[in-house]
Amino acid sequence: MPTLKIDDQEITVEPGTSVLKAAAKLGIEIPHYCYHPALSIAGSCRMCLVEIEGHRKLEISCATTAADGMAVHTDTPAVKKARKDILEFLLINHPLDCPVCDKAGECDLQDYDYKYGSSHSRFPKEDKRVRPTKAFGGNIRYVTNRCILCTRCVRFYKDVVGEEVLFVENRGYRSEISVFPGKELGDKLDGSITEICPVGALLDEDFIYQARVWHLDHAKSVCPGCSAGCNIDIQTQHNKIYRIRSRENQAVNQHWICDDGRYIFHKFEDLERIESPLKRAGEKLNPTNWEEALSIIHDRVVLIKKSDGAKVIGAVGSVFASNEENYLLKKLFKEEIGTDRLYVYTGLFDGEDVTYKNGFTIRAEKAPNRRGAEIIFGKIKSDLWKTIDKGEIKALYYINADKDFKLTDAQKNILKKLEFLAVQDFFLSDIAKLANVVLPGSYFAEKTGTFTNVQGCTQRFTKALKLPGLAKEDWAILVDLGRRFNSEWKMLSASDVMNDLAENEAAFRGISYFKLGDQGI
Ligand code: SF4
Ligand code: SF4
Ligand code: FES
């Protein structure tokens, strides 16, 4: 393995490692535009130039392989001058429109110019080249004037999607990015190019002019859109989600998320939220308080258990619920109430898994936590509706949590056979509308918990939004209800629930929120 020195610090790297990557391992920043860790090397922007002892000219560090005995310098007068020259060249025609550019605040041109550029221009009077902005299709807008021709977007389609969709049209001064004639955008990964563009040339129409990025708060989360469990960063302001971006996790989603996940938050915006506990009075569901709602559930369950035994009481977890929620549901109904009638709502599959050239996969199963539910509940039973229909379940507690949940007419009729139905949900779903008591829960962006993805990786998602009205995080609702049956339930946080789960379920042994960190286990 080659050992080299970069700025007098020694490092040994795997054969084939580039100087740029070796420097990054030492924590030395080498500015770059065309280089992206997930794409093939273009070596075109020249921003990553370094000085290597014994070489007559500066070398591009992204395309120079680290060699044994190499002595690299990233901060010499020659390197500094080269960076200044490159930045000056890029800015000759780049509009100085940072105040109205969505990328401002997270733009590599802005940041590198501040750090490595000149404070003045030798070309202040020349007219800048002006070219029209293009709609590339879908949500992608190409601001031609801002493009620095790094070709990351071009290589993204070639290397990641596996189909060449964008190309550099024309040559030299007239070069710009275009969609190949006869091709069009429309892939589920399109939105990713707005993330990898180092400047404000590729913009997401869904976010354009919505917020300044430095005002956004960030919450590390996991996409609930399918069982892949892609790592996401939920970005909010004033308790509203403005955008979702990917978080790198090489073992799960590499650098990417699909557009179903990117825009998933809009699907929760129009749902009729439940903002307070509800209790039935005839045909109507009226608001009540938590105290009364939990008491009704406790008292009815105790009464029905007394008259018909625990076996007529059923509970339904969900592949949309977190491990903590499913675990608490099982703990409550199996250990405290004593029933084995535990079911899981399983959601839908949509077509087949779609795997891209680079291995990134969008899963057909449109739920985030089947794997976790299977670990907690064991084999998922499928005879819920038959059992209710036969009159063998009289009281049912149902956690839904699926925004697309729908009941068939037959299922609605079967539910009428129940003596008591309690539903925990974040919106007035089909089943909530039929309940005797409804407890207002939360959706993934409003709570903390874990999902276990299709690969068996358990990952933490964190709360990005405050809850509406009297709604609560679902684990907290179950703890409150659990305390009615056993005052020894002491859990005060989702993390406490995970600790309890880790103690009691072999598959989660040793797991804690601390150990899960940002990337899961
Ligand atoms: S649009 Fe962005 S990613 Fe594509 S070449 Fe231009 S600067 Fe690079
Ligand atoms: S692949 Fe699945 S988990 Fe990943 S972003 Fe898309 S919907 Fe979300
Ligand atoms: S990052 Fe090395 S040449 Fe562009």
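Keep in mind the model is a prediction, meaning the values are calculated, not measured.

**Considerations on the overall build of the protein**
Helix and strand counts for the protein come out as 14 helices and 24 strands. Taking the principal axes of its C-alpha atoms as reference, the protein extends roughly 90 × 50 × 40 Å. Looking at the protein residue by residue over its 521 residues, the buried ones come to 55%. Taking the contacts inside the protein whose residues are at least 6 apart along the sequence as the reference set, 66% of them involve residues at least 24 apart. Split by element, the accessible area of the protein, about 23500 Å² in all, is 50% carbon and sulfur. Charged side chains of the protein number 73 positive and 75 negative; the gap between the two group centres comes to 1 Å.

**Thoughts on helix α9 (residues 370-377)**
When α9 is considered as a whole, its buried residues turn out to be G372, A373, I376 and F377. The arc enclosing the buried residues of α9, seen along the axis, measures out at 110°, which places them on a common side. Looking one or two residues beyond α9, the residue adopting positive phi is G378, at roughly 80°.

**Notes on the site of ligand 2**
Close contacts around ligand 2 come from C223, G225, C226, A228, G229, C230, I257, C258, G261, F360, T361 and I362, and that covers them all. Residue-level mapping places the shell around ligand 2 at the junction of two domains, with at least three residues from each of domain 2 (93-113 + 124-268) and domain 3 (278-516).

**Digging into the side chain of T236**
Positionally, T236 belongs in strand β12 (residues 231-237). When its relative accessible area of 5% is taken as the criterion, T236 is described as buried. Once you skip the residues sitting within four places of it in the chain, T236 turns out to touch H215, L216, D217, I241, Y242, A464 and L465.

**Details of the site of ligand 1**
What surrounds ligand 1 is a group of 14 residues, the closest being C147, C150, T151, C153 and C197. Here the residues of the shell around ligand 1 sort into 12 nonpolar, one polar and one charged.

**A look at the nonpolar core**
A general feature of soluble globular proteins is that nonpolar side chains tend to end up buried together. If you look at the biggest cluster of nonpolar residues, it comprises 73 residues, and the most contacted ones within it are L396, Y397 and Y398. Those residues in contact with L396 that sit more than four places away from it in its chain are G314, A315, V316, L384, I388, L415, L418, F420, L421 and A422. C45, A219, W256 and I362 belong to the second largest nonpolar core, which has 61 residues in total.

**Describing the environment of R46**
Within the secondary structure layout, R46 lies in the loop between α1 (19-25) and β3 (49-52). With relative accessibility at 37%, the residue R46 sits in the partly exposed group. Measuring from C-alpha to C-alpha, the distance between R46 and Y35 comes to 9.9 Å, with 11 residues separating the pair along the chain. Beyond its immediate chain neighbours, meaning those up to four positions away, R46 contacts I60 and I86. Side-chain polar atoms of R46 contact the backbone oxygen of G43, separated by 3.3 Å.

**Digging into the sheet that holds strand β16 (residues 313-318)**
Across the sheet, seven strands lie side by side as β15-β14-β22-β21-β20-β16-β17; this open sheet has mixed pairing. The two strands at the open ends of the sheet, each matched to only one other strand, are β15 (284-287) and β17 (342-345). Going across the sheet, the axis of each strand differs from the next one's by a mean of 20°, ignoring polarity. Contacting β20 (395-399), β21 (420-425) and β22 (437-440), helix α12 (residues 474-485) crosses the sheet at an angle of about 155° to β20.

**As for the domain arrangement of the protein**
Along its sequence, the protein is carved into domain 1 (3-75), domain 2 (93-113 + 124-268) and domain 3 (278-516). The centre of domain 1, based on its C-alpha atoms, is set 52 Å off from the matching centre of domain 3.

**Concerning the sheet that holds strand β4 (residues 59-60)**
Across the sheet, five strands lie side by side as β2-β1-β5-β3-β4; this open sheet has mixed pairing. The sheet is open, and its two borders are formed by β2 (9-12) and β4, each paired with just one other strand. Two strands pair when backbone bridges link them, and β3 and β4 are joined in this way by two bridges, in the antiparallel orientation. Along β4, the bridge assignment pairs L49 with I60.

**Some details on the packing of helix α8 (residues 323-337) against helix α13 (residues 494-504)**
For the pair α8 and α13, the least separation of the axes is 10 Å and the interaxial angle reads 65°. Viewed along their axes, α8 and α13 form a crossing whose handedness is left-handed. Here N323, E324, Y327, L328 and K331 of α8 come into contact with α13, specifically with A494, V497, M498, D500, L501 and N504. Its residues placed into classes, the contact of α8 with α13 shows six nonpolar, two polar and three charged.

**Digging into the environment of D204**
Looking at where D204 falls in the secondary structure, it is placed in strand β10 (residues 202-204). By relative accessible area, D204 is classed as buried at 14%. When the C-alpha atoms of D204 and G138 are compared, they prove to be 9.0 Å apart, with 66 residues separating the residues in sequence. Not counting residues within four places of it along the chain, the set of residues in contact with D204 comprises N139, T194, R262 and Y263.

**What about the environment of I86?**
By the secondary structure assignment, I86 is in helix α2 (residues 77-93). Looking at I86, the relative accessible area reads 15%, which means it is buried. Once you skip the residues sitting within four places of it in the chain, I86 turns out to touch C45, R46 and M47.

**Structural notes on the packing of aromatic side chains**
The relation between two aromatic rings is expressed through the spacing of the ring centres and the mutual angle of the planes. Applying the stated rule across the entire model yields 18 aromatic pairs. For the ring pair F426 and Y443, a centre distance of 5.9 Å and an interplane angle of 50° mean the geometry is tilted. Of this pair, F426 sits in the loop between β21 and β22 while Y443 sits in the loop between β22 and β23 (449-452), placing them 17 residues apart in sequence. The buried category is assigned to F426, whose relative accessible area is 2%. Counting every residue linked through ring pairs, the aromatic cluster contains F268, F426, F427, Y443 and F444. In this arrangement the basic side chain of R129 is found over the ring face of Y173, its NZ or CZ atom lying 4.8 Å from the centre.

Conventions we followed
Residues numbered from 1 in each chain as written. Chains lettered and ligands numbered in written order. Predicted model: local features only at pLDDT ≥ 70, side-chain atom pairs only at ≥ 80, totals over all residues. Heavy atoms only, no water. Helix = DSSP H or I, 4+ residues; strand = E, 2+ residues; numbered from the N terminus. Buried < 20%, exposed > 50% of the residue type's maximum accessible area, 1.4 Å probe, protein only. Contact = heavy atoms within 4.5 Å. Areas by Shrake-Rupley, 256 points an atom, 1.4 Å probe, with all protein chains shown as cover. Lys, Arg positive; Asp, Glu negative; His and termini not counted. Charge placed at Lys NZ, Arg CZ, Asp CG, Glu CD. Arc of directions from axis to C-beta. Near = heavy atom within 4 Å. Domains from an automatic or database assignment. Nonpolar A, V, L, I, M, F, W, Y, C, P; charged D, E, K, R; others polar. Core = buried A, V, L, I, M, F, W, Y, C linked by side-chain atoms within 4.5 Å. Polar contact = N/O pair within 3.5 Å; in protein donor to acceptor, adjacent residues only side chain to side chain. Pairing = 2+ DSSP bridges. Axes fitted to C-alpha atoms, helices over the stretch in contact; angles between N-to-C directions. Left-handed = near helix turned anticlockwise from the far one by under 90°. Phe/Tyr/Trp six-rings, centres within 6.5 Å; stacked < 30°, edge-to-face > 60°. Lys NZ or Arg CZ within 6 Å of the ring centre and 35° of its normal.

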